[in-house]
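Commentary on secondary and tertiary structure
For reference, the chains in residue letters:
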Amino acid sequence: MTYEYEVVVVGAGGAGLYAALEASKTARTAVISKLYPMRSHTGAAQGGISAALGNVEEDLPEWHAFDTVKGGDYLTDQSAALLLAEDAIRAVIDLEHRGLPFNRTAEGKIDQRRFGGHTRNFGEAAVMRSCFAADRTGHMILQTLYQQCIKNEVSFFDEFQVLDVIIEGRQCKGIVVIELSTGEIHVFKAAAVLFATGGFGRMFRITSNAYANTGDGPAVLARRGIPLEDMEFFQFHPTGIRQMGILITEGVRGEGGILRNSSGERFMERYTPTLLDLAPRDIVSRSIISEIREGRGIIGDGSVDDYVHLDATHLGKDVIEAKLPDIAEFCRTYQGIDPAEHMIPVMPTAHYAMGGIPTDMDGRVIADKNGNIYEGLYAAGECACVSVHGANRLGTNSLVDLVVFGRRAGIHMREYVEGAVIPVVGKDAGNEARHFIEGLRQRSRGIHGGYIRQEMESVMMEKVGIYRTGSQMQAAVDTLKDLREQYSEAAVQDTKNRFNTDLLEIIELRNLLDLAYITACSAHNREESRGAHYREDYPGRNDEGWLKHTLAWLEKDSVKINYKPVDISRWEPKPRVY
Ligand SMILES: Cc1cc2nc3c(=O)[nH]c(=O)nc-3n(C[C@H](O)[C@H](O)[C@H](O)COP(=O)(O)OP(=O)(O)OC[C@H]3O[C@@H](n4cnc5c(N)ncnc54)[C@H](O)[C@@H]3O)c2cc1C
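Residue indices begin from 1 for each chain and proceed along its sequence in written order. Note on the predicted model: pLDDT of at least 70 is required for a residue's local features to be given, and 80 or more for side-chain atom pairs to be given and counted; whole-chain, interface and lining totals, by contrast, use all residues. In computing side-chain properties, one takes all heavy atoms of the structure into account and sets aside hydrogens as well as water.

Observations concerning the packing of helix H13 (residues 449-463) against helix H15 (residues 501-525)
Contact geometry for H13 and H15: axes closest at 11 Å, N-to-C directions at 25°. Comparing the axis directions of H13 and H15 gives the class roughly parallel. Remark: the crossing between H13 and H15 carries left-handed chirality. Contacts from Gly449, Ile452, Arg453, Met456 and Met460 of H13 reach H15 at Glu505, Ile506, Glu508, Leu509, Leu512, Leu513, Ala516 and Thr519. Here an angle of 0 to 180 degrees is reported between the N-to-C directions of two axes, which are lines fitted to C-alpha atoms, with helices fitted over the stretch in contact. Each helix corresponds to a stretch of at least 4 residues labelled H or I by DSSP, and each strand to a stretch of at least 2 residues labelled E; elements are numbered beginning at the N terminus. Each angle receives one of four descriptions, namely roughly parallel if under 35 degrees, roughly antiparallel if over 145, roughly perpendicular if within 65 to 115, and oblique otherwise. Note: crossing handedness is left-handed where the near helix turns anticlockwise from the far helix by less than a right angle, and right-handed where it turns clockwise. Any two residues having at least one pair of non-hydrogen atoms within 4.5 Å are treated as being in contact.

Here we look at the sheet that holds strand S13 (residues 308-311)
In this description, strands pair whenever DSSP reports at least two bridges between them. The sheet built from 4 strands is open, its strands ordered S11-S14-S13-S12 with antiparallel pairing. Strands with a single pairing partner mark the edges of an open sheet, and in this sheet they are strand S11 (234-241) and strand S12 (258-260). Neighbour to neighbour, the strand axes of the sheet diverge by 45° on average, direction disregarded. In this sheet, strand S14 (residues 344-353) lies alongside S11 in antiparallel orientation, the contact comprising 6 bridges. Of the residues in S14, the one forming a bridge with Phe234 is Ala353. Sheet contacts for helix H8 (residues 281-293): S11, S12, S13 and S14; angle to S11, the most-contacted strand, approximately 60°.

A closer look at the site of the ligand
Neighbouring the ligand are 38 residues, the closest being Ser40, Thr42, Gly47, Glu382 and Leu399. Polar contact is the term for a pair of N or O atoms within 3.5 Å; when the atoms are in protein, one must be able to donate a hydrogen and the other to accept it, and sequence-neighboring residues count only if both atoms are side-chain atoms. Take Ala15: an N or O atom from its main chain is 3.0 Å from an oxygen atom of the ligand. Asp216 has a polar side-chain atom sitting 2.8 Å from a nitrogen atom of the ligand. Only helix H1 (14-23), strand S2 (29-33), strand S7 (160-168), S14 and helix H11 (397-417) provide two or more residues apiece to the shell around the ligand. A total of 4 residues in the shell around the ligand trace back to one element, the largest contributor, which is H11. Gly is put with the polar residues, along with every residue not named as nonpolar or charged; the nonpolar set is Ala, Val, Leu, Ile, Met, Phe, Trp, Tyr, Cys and Pro, and the charged set is Asp, Glu, Lys and Arg. Residues that form the shell around the ligand fall into these classes: 14 nonpolar, 20 polar and 4 charged. Nearness is defined per residue: one heavy atom within 4 Å of the molecule or strand is enough.

Comments concerning helix H12 (residues 431-442)
Each helix should span, by expectation, one fewer than its residue count multiplied by 1.5 Å. Compared with an ideal rise of 1.5 Å per residue, which puts 12 residues at 16 Å, H12 spans 16 Å between its outermost C-alpha atoms and is within 8% of the ideal. Remark: exposure states derive from per-residue accessible area (1.4 Å probe, protein chains only) relative to the maximum for the residue type, with buried under 20%, exposed over 50%, and partly exposed in between. Along H12, the residues classified as buried are Ala433, Ile437, Leu440 and Arg441. Projection of H12 onto a plane perpendicular to its axis shows the buried side chains occupying an angular sector of 100°, all on one side. Of the exposed residues in H12, those oriented more than 90 degrees away from the buried face are Glu432, His435 and Gln442. Arc, as used here, means the arc of the directions from the helix axis to the C-beta atoms.

So, the pattern of salt bridges
Basic side-chain nitrogens of Lys or Arg form a salt bridge, by our definition, when they fall within 4 Å of a carboxyl oxygen of Asp or Glu. Tallied over the entire structure, the rule returns 52 salt bridges. Where Glu265 meets Arg270, a salt bridge forms, and the shortest distance between an N and an O atom there is 2.7 Å. Using a relative accessible area of 31% as the deciding quantity, one classes Glu265 as partly exposed. A single network of salt bridges, built from pairs that share partners, joins Asp73, Glu232, Asp282, Arg286, Arg526, Glu528, Arg530, Arg541, Asp543 and Arg576.

A short note on the pairing of S13
Residues Val308 and Leu310 point to one face of S13 and His309 and Asp311 to the other, with burial holding for every one of them. Sheet topology places S12 next to S13; 3 bridges connect them, and they run antiparallel. Bridge pairing in S13 links Arg260 to His309. When S13 meets S14, the two strands line up antiparallel, connected through 3 bridges. Each bridged residue has a counterpart across the sheet, and for His309 the counterpart in S14 is Pro345.

Things to note about the nonpolar core
If you look at the biggest cluster of nonpolar residues, it comprises 112 residues, and the most contacted ones within it are Val8, Ile175, Phe188, Phe195, Met203 and Met456. Of the residues forming this core, the biggest block, 14 residues, is contributed by H15. Those residues in contact with Met203 that lie beyond four places of it in its chain are Phe234, Met456, Glu457, Met460, Leu512, Leu515, Ala516 and Thr519. We define the nonpolar core as a collection of buried residues of types Ala, Val, Leu, Ile, Met, Phe, Trp, Tyr and Cys that are connected through side-chain atoms lying within 4.5 Å of one another. Core analysis: the second largest hydrophobic core is formed by 60 residues, Ala12, Cys131, Ala191 and Leu194 among them.

Here we look at the side chain of Arg281
On the secondary structure map, Arg281 appears in helix H8. At 3.0 Å, the side chain of Arg281 and the side chain of Gln235 are in polar contact. Other than its neighbours up to four places away in sequence, Arg281 contacts Phe115, Gln235, Phe236, His237, Pro238, Glu250, His351, Asn392, Arg393 and Gly395.

Quick word on the packing of aromatic side chains
The aromatic pairing rule takes the rings of Phe, Tyr and Trp, using the six-membered ring of Trp, and pairs them if the centres are within 6.5 Å, calling planes under 30 degrees apart stacked, those over 60 edge-to-face and the rest tilted. Scanning the entire structure with this criterion turns up 18 aromatic pairs. Arranged with centres 4.9 Å apart and planes meeting at 85°, the rings of Phe157 and Phe188 form a pair that is edge-to-face. With a gap of 31 residues between them, Phe157 in strand S6 (residues 155-158) and Phe188 in strand S9 (residues 185-195) connect regions that are remote in the sequence. Taken individually, Phe157 and Phe188 each receive the classification buried, so the pair is uniform in this respect. Taken together through their ring pairs, the aromatic side chains of Tyr3, Tyr5, Phe157, Phe160 and Phe188 make up a single cluster. Any Lys NZ or Arg CZ found within 6 Å of a ring centre and within 35 degrees of that ring's normal is scored as a charge over the ring. Of note, Arg510 hangs over the ring of Phe436, and the distance from its end group to the ring centre comes to 3.8 Å. Seen from the ring of Trp546, Lys548 lies directly overhead, with NZ or CZ sitting 5.0 Å from the centre.

Here's the deal with the environment of Glu544
Mapped onto the fold, Glu544 is located in helix H16 (residues 543-546). For Glu544, a relative accessible area of 83% puts it in the exposed group. Taking the C-alpha atoms as reference points, Glu544 and Glu321, separated by 223 residues in sequence, lie 49 Å from one another.

Here's the deal with unusual backbone geometry
Omega for the bond connecting Val386 with Ser387 falls within 30 degrees of zero, at 0°, which places this linkage in the cis form. Its place among the elements puts Ser387 in the loop between strand S18 (384-385) and H11. A positive phi angle, near 50°, is found at Asn121, a position not held by glycine. Secondary-structure assignment places Asn121 in the loop between strand S4 (112-120) and strand S5 (125-131). Backbone geometry places Phe122, a non-glycine residue, at a positive phi of 55°.

Quick notes on the sheet that holds strand S24 (residues 559-565)
In spatial order, the strands read S10-S23-S24; together these 3 strands make up an open sheet with antiparallel pairing. Each of the sheet's edge strands pairs with one partner strand only, and the pair in question is strand S10 (228-229) and S24. Of the pairings in the sheet, the one linking S10 to strand S23 (residues 548-554) comprises 2 bridges and is antiparallel in character. When the sheet's bridge partners are listed, Glu229 is paired in S23 with Leu551.

Right under this line is the structure:
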């Protein structure tokens, strides 16, 4: 079938829903989502959303913006950080007015807690900036926005998975989609298309990300010649449940939780004496690995099975059950422990993509270093790179990114499509995707996709993880090249039409492989250490050579790299100490 809408939004997480909410005020808007909207990964966000409300202690948007820039190791575009911090206040109050049930202070104001890297007065001490609804903030955001979209009569196409984008020259004309319940291919024509498909942590073996986080949006666009920005920066969150990666929110440390090594020492005193356990995530993750490498992990042989403890026992059962109920439940379910009585075994887990589809501050997709754009093509949320998180995102800054930049993209699309005509697309628009799917279906013998996926996850974890070296990354690039070739022989065992998850996993694997390849190539190319990209063979930050964004184009068997300047209009880069 062919559908026509003025605005099509791909993704029903926080970014997609906010954009749809704004666009649908005047434009006919559809949301396409491979998941039922409430299952979008935003629903897993636990700790909170940052805004300098100053409800609990003094705070200013300027301090928030500065922390975002310093947290991003000065790769953050500073105008975007200032906009984010200033608009965060309006955004949080707006969510509250739309019905989001934030926790409250005794006076009835929105309550706030500490989070890593958020400070008062340009780094003096940790500040309470994260607004939260227990440890279910993302879930509440999804509920609130979905209800508002229904009110605005947004059309939802649930369990429709985007396979391709239709772009002619620099003009986006629509998307190609597979309907999961029938296996039918549809074309959606639209004057404006927004990609808000979330993250791609699934390219790593241990991750906090859901199975659906396979980076479909950036991969589809990369295959159509759109560059991806700063893909070398992938964040490891310090506290995933050991060996599983399920997230234990930074909110635990925000409430006073402490990281301890095998002798019970609060080891962050050695690395970041001012912010301690609430230093930014890149630094805390590296500190944990250093403890383990130096034999102070639990078990203690320096192997990958070593871990450290997150101690919340002193917080008391009442605080844990009231403010961190889901975390308490995860500990009981996955570790068989009560965090009020036992320390939690944790290890860093692949968590968040700082890089993605390059956009301007209105969500328009950028084509090159001069800022030229694709007409009618937008991106927002974790799949986009504004770039407001630079080389390392601060905790609670993603949810605010979704609602600030998702909203701006929605407003821009609404205005852009006014008077615009629905583009004409050729009859063959969906044919390439159709042939691809048919090709997969016909290949019932060949390499099992699960094998390729495991190899990819391991090589990314071991060679493009927290600590990196040139030779390891070269080996990763070579392996990924090889896996991409093997993919052309990957077999699909189930050839039916209805809810064919075998087929869908193979489709998603291609997306992960392409993004892993771009990530490894971009990381190998950057010969310095900055934020989440730490190279043991280039341990220092090199502003002279590398204070620039990477733009990476996926070519047939290689990745072409160019650069884009960083906006440093407000704060000169300084050494990053906490
Ligand atoms: C466990 C966890 C806890 C977190 N806690 C916090 C926190 O406390 N504070 C904070 O600021 N950040 C947090 N984050 C980060 C934050 O939650 C995410 O970055 C953010 O929610 C991503 O939102 P999104 O709208 O970009 O994408 P998502 O919410 O992931 O939504 C993606 C949407 O795209 C759709 N989609 C994907 N591919 C396709 C396709 N091919 N076709 C159609 N639809 C598609 C999906 O169905 C889904 O609807 C956390 C992350 C994790 C993993």
